[in-house]
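Here's the letter readout for the chains.
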Amino acid sequence: FYIFRAIDEDRKIRYKAAVKIQSWFRGCRVRAYLRYLSKMAILIQKWWRGYLRRKHFRKIVETAYFIKKMNFYNAMAVRIQKMWRGYYVRKYIHNFHALKKYLKAISVNNMLVRSELQEYADMKENEEKMKDLEKKEKEKKYQARKMHYLLSTQQIPGIYNSPVRKSPDPMELLIRKSKPLTHRKQHMKSPFAYELYDWPTCKKPPEFVTTLPLLPNDRRKPQGPFRDPAEVLWQRYRPLEPTLRVAESMNSPLAKTREGTRKEEWRNPIHDNEFLLFSSYHKNNEKYEPSLRRSGKYGREAYGTKHFREVYPNKWIADKDFETLFSSIVLFEKFGKTYSSTGQIV
């Protein structure tokens, strides 16, 4: 019995060892196969990815080569256009030879103009010198005529013909040739004499007066508190001045504009705006409270701000507004037109 039991135990031990050897071998074989499969998958992926990368790289290279060719083409096109445009501009628009010829002509013209201007300046300078000389000669002649009383006589030599001198002074010779001044009575010209034909409203004589009466040259101002005759004549024939009655209509555009401006100023007075009192500005910040009648919560008063009376345009008979004219003020119309007892304008 013990022999069979030992044999059975030995068989079990050997069976377990064989199973263990088989499991280990099979595991090694499976792991080797899996390693082989993994290597093959990695190899396939490597080749496939390399193929995709090489394909993508070819596309990148083709795109870069195309861009390089286009850039080169554009650069060459710009260079050709630049050369052509420069040639066209130099030949047809800004021709160098034509410009050189034009500048040469301008320089020649400038030289001619400069020479002419120099001649003109010299001529003007000579004219100014001649005028100065003539003016000095006239002054000398006038002084000679004015000092004609200093002419020397046979008995008494003048101051310009001193016996000490060997020859008389040139002023003495000039005094001998000139004539003495005549002392005539000079007539005083009135400042109103030249204003008869130069009034503010018209530059010519008025139509209602054909010829103005001319005052005699030798007429003098009458003795007494009287005005100058020329001033009286100008006062008599001065133009008409419109009165306030016919100066401007109440319905003219300018008058309507003024009326609208006045109404707006009355509707928006300055004292309705809020402001701080200057006397208490440094004490507190209390604001000004407007009156209830002007700007309260109940609204403003309509009378005197918008209208004074109700208007019904549908009941109007005529299309035009009623024209109201100012009545003339006699006292104002007489201003500057009447005279006092002493002959002065009031």
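Computed from a predicted model, the values in this text were never measured in an experiment.

Time to look at the overall build of the protein chain. Helix and strand content of the protein chain: eight helices and zero strands. Expressed as a percentage of the 346 residues in the protein chain, the buried residues total 11%. Restricting to contacts in the protein chain with at least 6 residues of sequence separation, those with at least 24 account for 53%. Total accessible area on the protein chain stands at roughly 33,000 Å², and carbon and sulfur atoms take up 61% of it.

Turning to the packing of helix α2 (residues 96-146) against helix α3 (residues 170-177), a few remarks are in order. Remark: α2 packs on α3, axes separated minimally by 9 Å, with the N-to-C direction vectors making an angle of 75 degrees. Overall, the two elements α2 and α3 adopt an arrangement that is roughly perpendicular. In this structure, α2 uses Lys140, Lys141, Gln143 and Ala144 to contact α3, whose residues at the interface are Met171, Leu174 and Ile175. Of the residues that constitute the contact of α2 with α3, the class distribution is four nonpolar, one polar and two charged.

The subject of this paragraph is a positive patch on the surface. Among the surface-exposed residues, Arg54, Lys55, Arg58 and Lys59 lie close enough to one another that they form a single positively charged patch. Tracing the chain through its elements places Arg58 in helix α1 (residues 2-93).

Glancing now at the packing of aromatic side chains. Remark: the centre distance and the inter-plane angle together describe each pair of aromatic rings, the angle taken between the planes. Taken as a whole and judged by the stated rule, the model has four aromatic pairs. Where Trp84 meets Tyr88, the ring centres are 6.1 Å apart and the plane angle is 40 degrees; that geometry is what we call tilted. Here Trp84 pairs with Tyr88, and both are found in helix α1, just four residues apart, close to one helical turn. These aromatic residues form a ring-pair network of at least three members: Trp84, Tyr87, Tyr88 and Tyr92.

Glancing now at the confidence of the model for the protein chain. For the protein chain, per-residue confidence averages 77 on the pLDDT scale, and residues scoring 70 or more make up 66% of the total. Taken as a whole, residues 191-206 scores under 50 in pLDDT and shows 20 contacts with residues more than four places along the chain or in a different chain.

A word on the side chain of Ser178. Locating Ser178 in the fold gives a position in the loop between α3 and α4 (229-236). Of the residues examined, Ser178 reaches a relative accessible area of 14% and is grouped as buried. In this structure, Ser178 is in contact with Ala144, Arg145 and His148, ignoring residues within four places of it in sequence.

The next point concerns a nonpolar patch on the surface. Judged by side-chain polarity, Val30, Tyr33, Leu34, Tyr36, Leu37, Met40, Leu43, Ile44 and Trp47 come together as a nonpolar surface patch covering roughly 920 Å² of accessible area. Inspection of the secondary structure assignment puts Trp47 in helix α1. Take Trp47: its relative accessible area is 56%, and that puts it in the exposed class.

Looking now at the pattern of salt bridges. Enumeration according to the criterion identifies eight salt bridges in this entry. Between Glu9 and Arg5 there is a salt bridge, and its shortest N-O distance comes to 3.7 Å. Taken together, the residues Glu9 and Arg5, both in helix α1 and four residues apart, mark about one turn of the helix. Take Glu9: its relative accessible area is 43%, and that puts it in the partly exposed class. For the salt bridge of Asp8 with Arg11, the shortest nitrogen-to-oxygen distance reads 2.6 Å. Of the two residues, Asp8 and Arg11 both sit in helix α1, three residues apart, roughly one turn of that helix. For Asp8, a relative accessible area of 28% puts it in the partly exposed group.

Further remarks concern the nonpolar core. One finds Ala144, Met147, Leu150, Met171, Leu174 and Ile175 forming the largest nonpolar core, which totals six residues. For this core, the element with the most residues is α3, which contributes three residues. Apart from residues lying up to four places away in sequence, Ala144 is in contact with Met171, Leu174, Ile175 and Ser178.

Thresholds applied
- Residues numbered from 1 in each chain as written.
- Predicted model: local features only at pLDDT ≥ 70, side-chain atom pairs only at ≥ 80, totals over all residues.
- Heavy atoms only, no water.
- Helix = DSSP H or I, 4+ residues; strand = E, 2+ residues; numbered from the N terminus.
- Buried < 20%, exposed > 50% of the residue type's maximum accessible area, 1.4 Å probe, protein only.
- Contact = heavy atoms within 4.5 Å.
- Areas by Shrake-Rupley, 256 points an atom, 1.4 Å probe, with all protein chains shown as cover.
- Axes fitted to C-alpha atoms, helices over the stretch in contact; angles between N-to-C directions.
- Parallel < 35°, antiparallel > 145°, perpendicular 65-115°, else oblique.
- Nonpolar A, V, L, I, M, F, W, Y, C, P; charged D, E, K, R; others polar.
- Patch = residues over 30% accessible without salt bridge, like charges linked within 9 Å, V, L, I, M, F, W, Y side chains within 5 Å.
- Salt bridge = Lys/Arg side-chain N within 4 Å of Asp/Glu carboxyl O.
- Lys, Arg positive; Asp, Glu negative; His and termini not counted.
- Charge placed at Lys NZ, Arg CZ, Asp CG, Glu CD.
- Phe/Tyr/Trp six-rings, centres within 6.5 Å; stacked < 30°, edge-to-face > 60°.
- pLDDT = per-residue confidence, 0-100.
- Core = buried A, V, L, I, M, F, W, Y, C linked by side-chain atoms within 4.5 Å.

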